[in-house]
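Breakdown of the fold
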Amino acid sequence: MSGYRVAIPCWGSPTRLLTKTLPMLLSGGVQPSVITLYVHAADPHRPEYEDIAAGVGARVVLNPGSGLRSQRALAIEDQPAGAQVVAVCDDVSALVTATDNGRLVPVVNVDRVFRSLFDEARQANAYLWGVSPSANPRSMKGPGRGLRFVFGSLYGYVNRPGHPANRLTTSYKEDYERSLMHWHHDGLVYRNTHYALRTQIRQASGGIGRTQARWDAEQAESAALVAAWPGLVRMNDRRASGFPEILLAAKKPKEPATP
């Protein structure tokens with residue numbers, strides 16, 4: 001088993017980080033020395049993040065830009081080429097798995113699961129791995145290879161600065177576009193749905209909320225992905241989130257577009 005690093009994009013109040021993601025990681029055996037917090041330089045909470053990192057032995061990298069896409073891009077440029085990186089948002093309270101009787105239980109040894117998922121992805125020749133996008137035991141079937149949706153709240157990747165698979169154009173549908181780009185360039189992604197997350201998306205705090213401007217942006221990005229990837233992306237009218245939703249077609253592994 002090989003090592004990994006953890007990249008956490010941060011914005012707004014650090015309450016989520018302190019009460020959700022950081023306890024999940026540290027209590028799960030993840031060493032604080034492998035954790036980097038990516039903080040907007042203009043964030044008024046920047047001193048709090050710096051104090052948190054100093055207190056636990058983590059690292060802070062300041063982002064002169066704004067938005068989640070720039071945080072993700074900064075992590076790719078900042079981490080060493082070839083590094084195994086777990087990208088996790090600051091509102092993930094638990095990594096969970098399903099028991100034989102259909103109950104969801106928190107993963108105790110998060111470190112071991114991260115290491116295992118990187119090993120499994122490497123054996124599958126995948127550079128990107130993910131977990132189930134739904135914490136529903138009935139849909140948590142296990143490993144899959146090919147075109148799969150890799151949920152953006154927590155995923156792992158082998159860092160390749162400058163690789164075309166990283167050239168994303170979306171902000172709100174970036175996890176769908178990332179899944180598509182890695183499948184296209186690498187031939188597959190790896191997803192192990194034995195695991196899922198307890199998290200909350202589109203929360204009102206932290207700069208990503210339930211606004212009309214966000215609805216409009218998600219609609220535009222969804223339409224652009226449907227047009228750019230014909231037959232692979234379609235609108236999902238059955239999901240009653242109140243926001244534009246899309247689905248990816250399940251496809252088998254293919255020949256990589258970028259060897």
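Placed above this text is the structure.
Residues numbered from 1 in each chain as written. Predicted model: local features only at pLDDT ≥ 70, side-chain atom pairs only at ≥ 80, totals over all residues. Heavy atoms only, no water.

**With respect to the layout of surface pockets**
Our working rule: Space inside and on the surface of the protein is sampled on a 1 Å grid over the protein atoms alone, with a cavity defined as a set of points where a 1.4 Å probe fits but cannot get out and a pocket as an open set with protein on both sides within 12 Å along at least 5 of 7 lines; lining residues have an atom within 4 Å of a point. Grid points are joined across faces, edges and corners, and a volume is the space filled by probe spheres set on the points. Secondary structure counts use DSSP, requiring at least four H or I residues in a row for a helix and at least two E residues in a row for a strand, with both numbered from the N terminus. Ten residue types, Ala, Val, Leu, Ile, Met, Phe, Trp, Tyr, Cys and Pro, are classed as nonpolar, four, Asp, Glu, Lys and Arg, as charged, and the remainder, Gly among them, as polar.
In this structure, the second largest pocket spans a volume of roughly 240 Å³. In terms of lining, the second largest pocket is formed by 15 residues, of which the most central are Arg72, Ala73, Ile76, Asn166 and Leu168. Among the secondary structure elements, those contributing two or more residues to the lining of the second largest pocket are helix H3 (68-78), strand E9 (154-158) and helix H5 (174-186). Ranked by the residues each element gives to the lining of the second largest pocket, the list is headed by H3, at 5 residues. Counted by class, the lining of the second largest pocket contains 7 nonpolar, 3 polar and 5 charged residues.

**A closer look at the nonpolar core**
Definition in use: Nonpolar cores are built from buried Ala, Val, Leu, Ile, Met, Phe, Trp, Tyr and Cys residues. Side-chain atoms within 4.5 Å join them into one set. Burial classification: accessible surface area is computed with a 1.4 Å probe over protein chains only, and a residue below 20% of its type maximum counts as buried, one above 50% as exposed, and the rest as partly exposed. Any two residues whose heavy atoms approach within 4.5 Å are treated as being in contact.
Phe114 and Trp129 are the most contacted members of the largest nonpolar core, which has 50 residues in total. When near neighbours in sequence (up to four residues on either side) are disregarded, phenylalanine 114 contacts Tyr4, Leu25, Val30, Val86, Leu95, Trp129 and Leu154. If you look at the next biggest cluster of nonpolar residues, it comprises 14 residues, including Val61, Ala75, Ala87 and Val189.

**Observations regarding the side chain of threonine 36**
The topology assignment puts threonine 36 in strand E2 (residues 35-40). Judged by its relative accessible area of 3%, threonine 36 is buried. Not counting residues within four places of it along the chain, the set of residues in contact with threonine 36 comprises Val6, Ala7, Ile8, Arg59, Val61, Asp78 and Gln79.

**Side note on the sheet that holds E2**
Counted only if it meets this: By the convention used here, strands pair only if DSSP detects at least 2 bridges between them. In this analysis an axis means a line fitted to C-alpha atoms, helices contributing only their contacting stretch, and an angle means the value between N-to-C directions, from 0 to 180 degrees.
The 8 strands lie next to each other as E3-E2-E1-E4-E9-E7-E10-E8, forming an open sheet whose pairing is mixed. The sheet terminates laterally at strand E3 (59-63) and strand E8 (143-146), the two strands that pair on one side only. Mean inter-strand twist for the sheet, computed between neighbouring axes without regard to direction, equals 20 degrees. Pairing of strand E4 (residues 84-88) with E9, which is carried by 5 bridges, proceeds in the antiparallel orientation. Following the sheet pairing, valine 85 is matched in E9 by tyrosine 157. Of the strands in this sheet, strand E1 (5-10), E2 and E3 are in contact with helix H2 (residues 46-56), which crosses E3 at around 155 degrees.

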